[in-house]
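So you can see what is in the structure, the chains are spelled out below.
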Amino acid sequence: MRRFSLIAVPYLWLLALFLVPFLIVIKISLSDVAYASPPYVPQLDLTQGWAGLHDFFAALDFENFAFLTTDALYWKAYLSSLKIALVATALTALVGYPVAYGMARAPQEWRPTLLMLVILPFWTSFLIRVYSWMGILSNEGVLNQVLLATGIISEPLQIMNTNTAVYIGIVYTYLPFMVLPIYAALEKLDESLLEAAEDLGCSRLAAFWLVTFPLSRGGIVAGCFLVFIPAIGEFVIPSLLGGSDTLMIGKVLWEEFFSNTDWPVASAVAVILLALLIIPIVLFQRHEEKEREANR
Amino acid sequence: MTKTLTLTATLALLAGMASAEEVRVYNWSDYIDEELLAKFEQETGIDLIYDVFDSNEMLQTKMLAGGSGYDVVVPTGTFLQRQIMAGAFQELDKSKLPNIDNMWDVISGRTATYDPGNAFSINYMWGTTGIGVNVPKVQEILGEDAPIGSLDLIFDPANMEKLAECGVYVLDAPTEMIPAALAYAGMDPDAKSQEALDKADEIFTAIRPYISKFHSSEYINALANGDICVAFGWSGDILQARDRAAEAENGVEVAYNAPSEGALMWFDQMAIPVDAPNPDAAHKFLNFIMDAQNMAAASNYVYYANGNKASQEFLAEDVIGDTAIYPDEAALEKLYTVTPWGPKEQRLLTRLWTKIKSGT
């Protein structure tokens, strides 16, 4: 009994904070847009009893999902988000790995401080941190001023309002999510394995590729999922740093919701996005389970 | 245990009620003289909580979702009309608004298109959408007789090609930009037909490569700093840029013109949400704003015209005397108003705007 109540807590949590809101979103995605508050019909009217319930379900349909297939904008936006998220994840891994490696190889007494430094940016609002990138990257920004003053460039670099700025924003924002799992994997690495490899004639580089890297793969995979999944639906970074031509599904969703006041279509876009994300989420879950079993 | 909890809750509730009365106002950013807010609190003893937004869409979503917690909000006419239709506002109790006699019939007549009989709203500010230019820069590029007061400046690709290198920003608001393109084409700016949308598409596609940014507020700073030389935006914003440039003495000279082909006239209206927690205090706030001197103070601060006749004697000379803010009779004739877009039309409009901006 006690065991059951222990499990019940996280499940209730998931039910209340994930499943119920998601079912509401699905329900709205099957509704029709209307000039009302809230701006969609049908509304569930329980005072009508069974008849009301019947009418309610009869009025739901998949029209909005069919609509999404009629316009190339939607799949282009999904694809473009997918591409941006994939590239950004790869870049984050390239930057994050050396950082995590350096931390794991640092003297034992430094590590808590280094770990603290990675987490420290979270103490400032995410929005303010993205805003400060606008100050760095804009044409009159710090970066261009420095490059111009040192004579490296003669014209300011146009980084702000391009996809490059979006990549920089995503890599910066999600870097800790990449560094921490890789660090965790590298930190528990048994150093005697490296000594053994070197004793057996491995160069340091070969030892890295043959021993360290394969043993940290679990951390890399975990980090990549933690970056990729939120990056694909990212809205704040592309709208602040990206240009008018940066196409991402988060922005399309915003326009459906705010400009068109079409909550049903916006919900349909969100449902499909989640369906697309379920694949990597399930893969991630499997990977985690395998890891756990391997470590047993 | 339960008893103690109930008791604590009741006490907390009573404490909340005993503290000063509150009114929550949700207005556009940079849109009031903050001294007025302090003055309202002093005069009425009501705590004023003042929040700001920067797009009608944001406000509309809050209104339609309901339970925003605001007592006074400030949508633009076309948005107001849709939200009235959706049942988002309550009718004003005019017996609580003695200052309503101060309002200007010329403006109330026009706002009645959106809010018949002005039953749900009062006018806060009104203005036009037009062209802001950095005069010396534009004249250097296009010559002394550059068409700075005409839509030719931004919709003629030949002009835009030359202006592109010094920067052109336009509003990221299709409901403002599409009517302007139609006015340029000599069509009805309020047209919403497929033919009208196609025409607007054609006009914007030709100039798209020369537009550096679609944004609804950054142009104030960009124009004042001299980062760009043309912006298509809201009158008061461009006049604020003019004053900031003058204060900075950075050699930038900004001018605002309502296009000679006709300019969009818009109205920001104060209304009370249907579920406002404190409608009584909301009425007090509206009445306070409609006081002639208070309204004049607001306009003198933000450089927008208001719909308050009695306030005009208290307006500063550079506000009431500036035809960019208070157009003369002839110019007033040239201003046009638009009606809201229906849901299907709105979808086509948003889609067209996405296509213009992103090419997809």
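Residues numbered from 1 in each chain as written. Chains lettered and ligands numbered in written order. Predicted model: local features only at pLDDT ≥ 70, side-chain atom pairs only at ≥ 80, totals over all residues.

As annotated in an unreviewed UniProt entry, chain B carries the name Putrescine-binding periplasmic protein and is attributed to Tropicibacter naphthalenivorans. What the UniProt record of chain B gives under Sequence similarities (unreviewed entry) is the line "Belongs to the bacterial solute-binding protein PotD/PotF family." (UniProt positions renumbered as here; feature names shortened; annotations may be inferred.)

With an unreviewed UniProt entry as reference, chain A is termed Putrescine transport system permease protein PotH, source organism Tropicibacter naphthalenivorans. If you open the UniProt record of chain A and go to Subcellular location (unreviewed entry), you find "Cell membrane". Its UniProt record gives chain A the following Sequence similarities (unreviewed entry) comment, quoted word for word: "Belongs to the binding-protein-dependent transport system permease family. CysTW subfamily."

Enquirer: What exactly am I supposed to notice about the interface of chain B and chain A here?
Expert: Taken together, the contact pairs 24 residues of chain B with 20 residues of chain A. Of all the secondary structure elements, the ones that give two or more residues to the side of chain B that touches chain A are α3 (56-65), α4 (77-85), β6 (213-214) and α17 (343-358) of chain B. (Contact = placed C-beta atoms within 7 Å. Helix = DSSP H or I, 4+ residues; strand = E, 2+ residues; numbered from the N terminus.)

Enquirer: Is there a simple way to think about the UniProt feature "transmembrane region" (unreviewed entry) in chain A in this case?
Expert: All names here are of chain A. Using the residue numbers shown here, the UniProt feature "transmembrane region" (unreviewed entry) corresponds to residues 12-30, 84-102, 114-134, 165-186, 207-232 and 263-284. With 100% helix and 0% strand, residues 84-102 has end C-alpha atoms that lie 27 Å from one another. When the span residues 114-134 is considered, its composition is 71% helix and 0% strand, and the gap between its end C-alpha atoms is 27 Å.

Enquirer: I'm lost on the domain arrangement of chain B in this one. Help?
Expert: By convention, interface size is frequently given as the accessible area that disappears when the constituent parts associate. All names here are of chain B. Split by domain assignment, chain B resolves into domain 1 (20-127 + 266-327) and domain 2 (129-264 + 338-358). Taken over C-alpha atoms, the centre of domain 1 sits 27 Å from the centre of domain 2. Opposite the 13 residues of domain 1 that make contact, domain 2 presents 15 residues. In terms of residue count, the dominant contributor to the side of domain 1 that touches domain 2 is α4 (3 residues). Tallied by class, the residues present in the side of domain 1 that touches domain 2 amount to 7 nonpolar, 4 polar and 2 charged. (Domains from an automatic or database assignment. Nonpolar A, V, L, I, M, F, W, Y, C, P; charged D, E, K, R; others polar.)

Enquirer: What am I meant to see in the environment of L46 of chain A here?
Expert: Mapped onto the fold, L46 of chain A is located in the loop between β2 (40-41) and α2 (49-58). Classification of L46 of chain A as exposed rests on a count of 8 C-beta atoms within 10 Å. (Buried ≥ 20, exposed ≤ 12 C-beta atoms within 10 Å, placed from the backbone.)

Enquirer: Any chance you could explain unusual backbone geometry here in plain terms?
Expert: If a residue is not glycine, its phi is most likely negative; likewise, a peptide bond is most likely trans. Put simply, S37 of chain A and P38 of chain A share a cis peptide bond, and its omega is -5°. Position of P38 of chain A relative to the elements: it lies in the loop between β1 (32-33) and β2. In this chain, V41 of chain A is followed by P42 of chain A through a cis amide linkage whose omega measures 0°. Here P42 of chain A is to be found in the loop between β2 and α2. Its identity as a non-glycine residue notwithstanding, E249 of chain B has a phi of 45°, on the positive side. By the secondary structure assignment, E249 of chain B is in the loop between α12 (235-248) and β8 (254-257). The class for E249 of chain B is exposed, based on 7 C-beta atoms found within 10 Å.

Enquirer: Help me understand helix α4 (residues 72-105) of chain A in this model?
Expert: Since one α-helical turn is 3.6 residues long, residues separated by three or four positions face the same way. Across its 34 residues, α4 of chain A extends 49 Å between first and last C-alpha, which sits within 8% of the 50 Å expected from 1.5 Å per residue. The axis of α4 of chain A is deflected most strongly, by about 25°, at G96 of chain A, and proline P98 of chain A appears within four residues downstream. (Expected span 1.5 Å × (residues − 1). Bend = angle between axes of the 7 residues up to and from the residue.)

Enquirer: Looking at this structure, I do not really get the nonpolar core. What am I missing?
Expert: Grouped burial of nonpolar side chains is what soluble globular proteins tend to show. The biggest cluster of nonpolar side chains holds 109 residues, and the ones touching the most others in it are I154, A181, L223 and V230 of chain B. Here this core spans two domains, since at least three of its residues come from each of domain 1 (20-127 + 266-327) and domain 2 (129-264 + 338-358) of chain B. Discounting residues that sit within four places of it in the chain, A181 of chain B has contacts with F155, A200, I203 and F204 of chain B. In this structure, L175, V221, I237 and L253 of chain A belong to the second largest nonpolar core, which totals 53 residues. (Core = buried A, V, L, I, M, F, W, Y, C linked by C-beta atoms within 7 Å.)

Enquirer: Whenever I open this one, the packing of helix α12 (residues 249-259) of chain A against α3 of chain B confuses me. Can you help?
Expert: Any two packed helices are characterised by how steeply their axes cross, that is the angle between the axes, and by the distance between the axes. Following both chains from N to C, one finds α12 of chain A and α3 of chain B inclined at 65°, their axes separated by 9 Å at the closest point. Each of F257, F258 and S259 of chain A in α12 of chain A lies in contact with α3 of chain B, whose residues at this interface are E57, M58 and T61 of chain B. Class assignment of the residues belonging to the contact of α12 of chain A with α3 of chain B gives a composition of 3 nonpolar, 2 polar and 1 charged. (Axes fitted to C-alpha atoms, helices over the stretch in contact; angles between N-to-C directions.)

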